[in-house]
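Structural features, examined
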Amino acid sequence: MCSSDLTDNVDKPTVTSVSSTTVEEGQDATVTVSLSNTSTSITKIWLDAYNGSAIGGGADHHETLYVNFGNGWQDLGSFISGKWVDVPAHTSSFDVKVGTVNDTVYEGTESFTLRANAEGQAQVTGTVTITDIVDKPTVTSVSSTTVEEGQDATVTVSLSNTSDRKSTRLNSSHQII
């Protein structure tokens, strides 16, 4: 008796793109992973997040991976070190969702990369950009002082919240620029 296994790698799906998106801090970031073609069997796809100026682990984005293959969001748990995902047969694209963290520190615009690939394929990337408009500090008060001509004047400027920016400049209307 003779038996053999047939492996069809010619039509094996690969990742063709990972979309990019921009979200406000605290919102969920959703990107679409597109495949080259569908398959009649499960396709394994590797997903991970690569820190850029936005850091994972709950600092700027969460490490919980959610996927939607067209039938609702599924919590696949932590992907802090990446994760193989079983993409169902007949799927040509799917959505990936990662939550971002809302804090009270102004951090400006930050980003991280979501990477995806099929086995043996180079990684394909998309960028998640996180904006932080809500936490931008505003001037809440400027103290007054009286000094003699030729002397230095010291005033205190109070801001609504902290910033991780190295310097903050004010215009003549006391607005942060």
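Since we're looking at a predicted model, the values are computed, not measured.

Cut-offs used in this document
- Residues numbered from 1 in each chain as written.
- Predicted model: local features only at pLDDT ≥ 70, side-chain atom pairs only at ≥ 80, totals over all residues.
- Heavy atoms only, no water.
- Core = buried A, V, L, I, M, F, W, Y, C linked by side-chain atoms within 4.5 Å.
- Buried < 20%, exposed > 50% of the residue type's maximum accessible area, 1.4 Å probe, protein only.
- Helix = DSSP H or I, 4+ residues; strand = E, 2+ residues; numbered from the N terminus.
- Contact = heavy atoms within 4.5 Å.
- Pairing = 2+ DSSP bridges.
- Axes fitted to C-alpha atoms, helices over the stretch in contact; angles between N-to-C directions.
- Phe/Tyr/Trp six-rings, centres within 6.5 Å; stacked < 30°, edge-to-face > 60°.
- Patch = residues over 30% accessible without salt bridge, like charges linked within 9 Å, V, L, I, M, F, W, Y side chains within 5 Å.
- Areas by Shrake-Rupley, 256 points an atom, 1.4 Å probe, with all protein chains shown as cover.
- Salt bridge = Lys/Arg side-chain N within 4 Å of Asp/Glu carboxyl O.

A word on the nonpolar core
Counting 26 residues, the largest nonpolar core has V15, V18, V33, I45, L47, F94 and V96 as the members making the most contacts within it. Of all the elements in the fold, those that place two or more residues in this core are strand 1 (15–18), strand 3 (28–35), strand 4 (43–51), strand 5 (64–68), strand 7 (83–87), strand 8 (93–99), strand 9 (110–118) and strand 10 (124–131). Not counting chain neighbours up to four residues away, the residues in contact with V33 comprise V15, S17, V18, L47, S92, S93, F94, V96 and A116.

Looking at the environment of D132
Here D132 lies in the loop between strand 10 and strand 11 (139–142). Residue D132 is classed as buried on the basis of its relative accessible area of 3%. In sequence terms D132 and V23 are 109 residues apart; their C-alpha atoms lie 9.0 Å from each other.

Remarks on the sheet that holds strand 1
The strand order 1-3-8-5-6 describes an open sheet built from five strands, whose pairing is antiparallel. A strand with exactly one partner marks an edge of an open sheet, and here the two such strands are strand 1 and strand 6 (73–78). Pairs of neighbouring strands in the sheet enclose a mean axial angle of 25°, with direction left out of account. Note: strand 5 against strand 6, four bridges, orientation antiparallel. Across the sheet, residue N68 finds its bridge partner in strand 6, namely W73.

Things to note about the side chain of S39
Position of S39 relative to the elements: it lies in the loop between strand 3 and strand 4. The residues contacting S39, other than those within four sequence positions of it, are P13, A89 and H90.

So, the packing of aromatic side chains
The final tally for this structure, using the stated rule, is two aromatic pairs. Between the aromatic rings of W46 and W84, the centroid separation amounts to 5.4 Å while the plane-to-plane angle is 65°, which identifies the pairing as edge-to-face. A residue pair is termed long-range when its members are at least 10 positions apart, and W46 in strand 4 and W84 in strand 7 qualify at 38 residues. Overall, the relative accessible area of 41% leaves W84 in the partly exposed class.

A look at a nonpolar patch on the surface
Nonpolar side chains collect at one region of the surface, where V142, V155, V157 and L159 lie side by side and expose about 270 Å² of accessible area between them. Here L159 is to be found in strand 12 (residues 157–159). You can call L159 partly exposed: its relative accessible area is 36%.

Some remarks on the side chain of T43
Structurally, the position occupied by T43 is in strand 4. For T43, a relative accessible area of 6% gives the class buried. In contact with T43, other than residues within four places in its own chain, are P13, V85, D86 and V87.

What about the pattern of salt bridges?
This structure, assessed with the given rule, holds three salt bridges. Salt-bridge contacts for K97 lead to D28; the nearest nitrogen and oxygen are separated by 4.0 Å. Within this pair, whereas K97 is found in strand 8, its partner D28 is found in strand 3, the two being separated by 69 residues in sequence. Note on K97: relative accessible area 14%, which makes it buried. When its relative accessible area of 43% is taken as the criterion, D28 is described as partly exposed. A salt bridge links K44 to D86; its shortest N-O distance comes to 2.6 Å. Placement of K44 in strand 4 and of D86 in strand 7 is noted, with a sequence separation of 42 residues between them. A residue is classified by how much of its surface remains accessible, and D86, at 40% relative accessible area, is partly exposed.

Notes on the pairing of strand 8
In summary, the side chains of a regular strand alternate between the two faces of the sheet. Counting buried residues in strand 8 gives five out of seven residues, a clear majority hidden from the surface. Here seven bridges tie strand 3 to strand 8, and the two strands are oriented antiparallel to one another. Its bridge partner lying in strand 8, T30 is registered against K97. With three bridges joining them, strand 5 and strand 8 adopt antiparallel strand pairing. Across the sheet, V67 pairs through a bridge with V96, a residue of strand 8.

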